[in-house]
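A closer look at the structure
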Amino acid sequence: MNKDQISGKVDQATGKVKQKVGEAVGNQGMANQGVVDQVKGAAKETWGNVKDAAHQTAESHRRESEHQANDARDKFTEKVQNLKDKVNDRIDADKEDERLRDRRSA
């Protein structure tokens, strides 16, 4: 819960109290101000909800992007390692072939 959500809830509660007190004592201005405070509080709370949802969505996208980057890095590293192994295997095979030729000519 963020500060806008909390502030909005407080404004709504304050507005309800003002409205009820205004109605109880016959002060229409206070009662109307209470309704205004409730509307203002609802707007703040809604804005807080939007900010919270946007933050959660951004965080989800960041995690997914990080996951994809890690996967790509792992695949690339694996391909490089496989290529290195193939080259080393070929070098070893060539060395073995040369040793065999040297034995035959000797």
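Because the structure is predicted, anything quoted here is derived from the model rather than measured.

**Examining the overall build of the protein**
Summing up its helical and strand segments, the protein has 2 helices and 0 strands in all. Over its C-alpha trace the protein gives a radius of gyration of 36 Å, far above what one expects of a compact globule, namely 13 Å for 106 residues. With the C-alpha coordinates of the protein rotated into their principal frame, the extents come out at 120 × 10 × 10 Å. Here the protein holds 106 residues, and 14% of them are scored as buried. Taking the intrachain contacts of the protein between residues at least 6 apart in sequence as the baseline, contacts between residues at least 24 apart amount to 57%. For the protein, the accessible surface area stands at approximately 8400 Å², while carbon and sulfur atoms represent 55% of it. Treating the 21 positive side-chain charges of the protein as one cloud and the 20 negative ones as another, the clouds have centres 4 Å apart.

**Focus: the side chain of Asp37**
Mapped onto the secondary structure, Asp37 falls in helix α2 (residues 28-105). Among all residues touching Asp37, those that are not within four sequence positions of it are Asp11, Gln12, Gly15 and Lys18.

**What about a nonpolar patch on the surface?**
On the surface, Val17, Val21, Val25 and Met30 cluster together into a nonpolar patch covering about 330 Å² of accessible area. Counting residues per element, the nonpolar patch draws most heavily on helix α1 (residues 3-25), which supplies 3 residues. Locating Val17 in the fold gives a position in helix α1.

**Some details on the pattern of salt bridges**
Going through the model one piece at a time under the given rule, you end up with 9 salt bridges. The shortest N-O distance in the salt bridge between Glu66 and Arg62 comes to 2.9 Å. With Glu66 and Arg62 both in helix α2, this residue pair falls 4 residues apart, about one helical turn. Accessibility expressed as a relative area gives 39% for Arg62, which makes it partly exposed. The salt bridge partner of Glu96 is Arg99, with a shortest N-O separation of 3.7 Å. Here Arg99 and Glu96 lie together in helix α2, a separation of 3 residues that amounts to about one turn. Taking the relative accessible area as the measure of exposure, Arg99 reaches 44% and is therefore partly exposed. Residues joined in a network through salt bridges with shared partners are Glu59, Arg62, Arg63 and Glu66.

About the criteria used
Residues numbered from 1 in each chain as written. Predicted model: local features only at pLDDT ≥ 70, side-chain atom pairs only at ≥ 80, totals over all residues. Heavy atoms only, no water. Helix = DSSP H or I, 4+ residues; strand = E, 2+ residues; numbered from the N terminus. Rg over C-alpha atoms; globule rule 2.2 N^0.38 Å. Buried < 20%, exposed > 50% of the residue type's maximum accessible area, 1.4 Å probe, protein only. Contact = heavy atoms within 4.5 Å. Areas by Shrake-Rupley, 256 points an atom, 1.4 Å probe, with all protein chains shown as cover. Lys, Arg positive; Asp, Glu negative; His and termini not counted. Charge placed at Lys NZ, Arg CZ, Asp CG, Glu CD. Patch = residues over 30% accessible without salt bridge, like charges linked within 9 Å, V, L, I, M, F, W, Y side chains within 5 Å. Salt bridge = Lys/Arg side-chain N within 4 Å of Asp/Glu carboxyl O.

None of this, on its own, says anything about what the molecule does.
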